[in-house]
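Residue-level structure breakdown
Given next are the chains, with one letter for each unit.
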Amino acid sequence: MILVTGGGGYIGSHLVKKLKEDGKEVVVFDNFERGHKWAVKDLDVVEGDLRNKEDIKKVFNNYNIDEVYHFAAYSLVGESMENPMKYFKGNVCGTLNLIEAMIEYNVRYIVFSSSAAVYGNPEKIPITEDQPKNPTSVYGQSKLMIEEILEWFSRLNKIRYVALRYFNAAGAYYDGSIGEAHDPETHLIPIVLQTAVGKREKVFIYGNDYPTKDGTPVRDYIHVMDLIDAHIKAMEWMKSEDESEVFNLGNGKGFTVLEVLETAKKVTSKDIDFEITSRRPGDPAVLVASCERAKKVLGWTPKSSDLEKIILDAWRWHKKFEQHKNF
């Protein structure tokens, strides 16, 4: 049985759906503070909070868990700076409770949802896994602390882990059944598509004076289904090799904010209004991943991360979700 914490969230729900389609037995653990019950309807779901040890122990008591995918976390950079205690307690303490339960019930393997936020402002582009880790937010720091905790438990031979450092996940399930729906929404592609569908008046672009080809920041966008493929390959590799490792997951190439906007206009056939405003503090000019380690070790290659494909799949989902809200 596979446990997916945060399985009602964006990436977690996509993994759960894929695992079920592959014939796997899955149980979702989520407090649904940020996740969605409609994303995991008709599935085995336990509602609970990782900050409560008894909640997570119930899952291990009632199910024969042998693999864990850990997505449950707070993930808003701005909020983490305003409420650091929430992020350290929710992300770090919650993960410690999960690890404690895993060890108690002899569950050895965990794939952890980490973030490119562990790097902060990178020294070099593309970003490799061995670059210095200097988070510029409490959110990034909480993810780095969890990686370090996992590494110690691995060194002590208590568990094995793979930490996956995401860049910008985007897109939706290929059939349009589930997709990205945050509240508040902070990610560029869904914000652009919400504008296209009429939910927002305009897109705000934070700065056009960066040292990039059109002055707007460059980011690395990866299709959510390519991410899911990497998670499954990471678990297979870890169980086969009984080793722990860290991998970047990105597209390996970047697109400016204006390039995303122009591609979205093409895909949606909508005139998407935007306004240039001042830079946000701490926004790096360029964030692009080197994914060579994941390609070499896991045999993983992103297959659907053409920007037009990402936006097309996301658009199919957003039209349905924003116009009908029929979930």
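Definitions and cut-offs
Numbering of residues starts from 1 in every chain and runs along the sequence as written. Under the rules for a predicted model, residues below a pLDDT of 70 receive no local features and side-chain atom pairs below 80 are neither given nor counted, while totals for whole chains, interfaces and linings still include all residues. Where side-chain values are given, they derive from all heavy atoms of the structure, hydrogens and water being excluded. Working definition: helices are DSSP H or I runs of at least four residues, strands are E runs of at least two. Numbering for both runs from the N terminus. Exposure categories follow from relative accessible area, calculated using a 1.4 Å probe and restricted to protein chains: below 20% of the type maximum is buried, above 50% is exposed, and the middle band is partly exposed. We define a polar contact as two N or O atoms separated by no more than 3.5 Å, with the added condition that, inside protein, one atom must be a possible hydrogen donor and the other a possible acceptor, whereas residues neighbouring each other in sequence contribute only through side-chain atom pairs. In this description, contact between two residues means that some pair of their heavy atoms is separated by no more than 4.5 Å. By salt bridge we mean one thing: a side-chain nitrogen of Lys or Arg within 4 Å of a carboxyl oxygen of Asp or Glu.

1. A closer look at the environment of Ala172
Inspection of the secondary structure assignment puts Ala172 in the loop between strand 7 (168-170) and helix 6 (188-196). By relative accessible area, Ala172 is classed as buried at 0%. Along the chain, Ala172 and Gly215 lie 43 residues apart, while their C-alpha atoms are 28 Å from each other.

2. A look at the environment of Ile56
Looking at the secondary structure, you find Ile56 in helix 2 (residues 53-62). Separated by 178 residues in sequence, Ile56 and Ala234 have C-alpha atoms that sit 23 Å apart.

3. Thoughts on the side chain of Ser13
Looking at the secondary structure, you find Ser13 in helix 1 (residues 10-21). Accessibility expressed as a relative area gives 2% for Ser13, which makes it buried. Only 3.0 Å separates the side chain of Ser13 from the backbone oxygen of Tyr10, close enough to count as a polar contact. Those residues in contact with Ser13, other than ones at most four positions away along the chain, are Gly7, Gly8, Ala39, Val40 and Ile178.

4. Concerning the pattern of salt bridges
In this structure the tally under the stated criterion is 29 salt bridges. Across the pair Glu100 and Lys53 runs a salt bridge whose closest N-O atoms are separated by 3.2 Å. Of this pair, Glu100 sits in helix 4 (residues 84-104) while Lys53 is found in helix 2, placing the two residues 47 residues apart along the sequence. On the accessibility criterion, Glu100 (35% relative accessible area) is partly exposed. Here Lys53 falls in the partly exposed class, since its relative accessible area comes to 38%.

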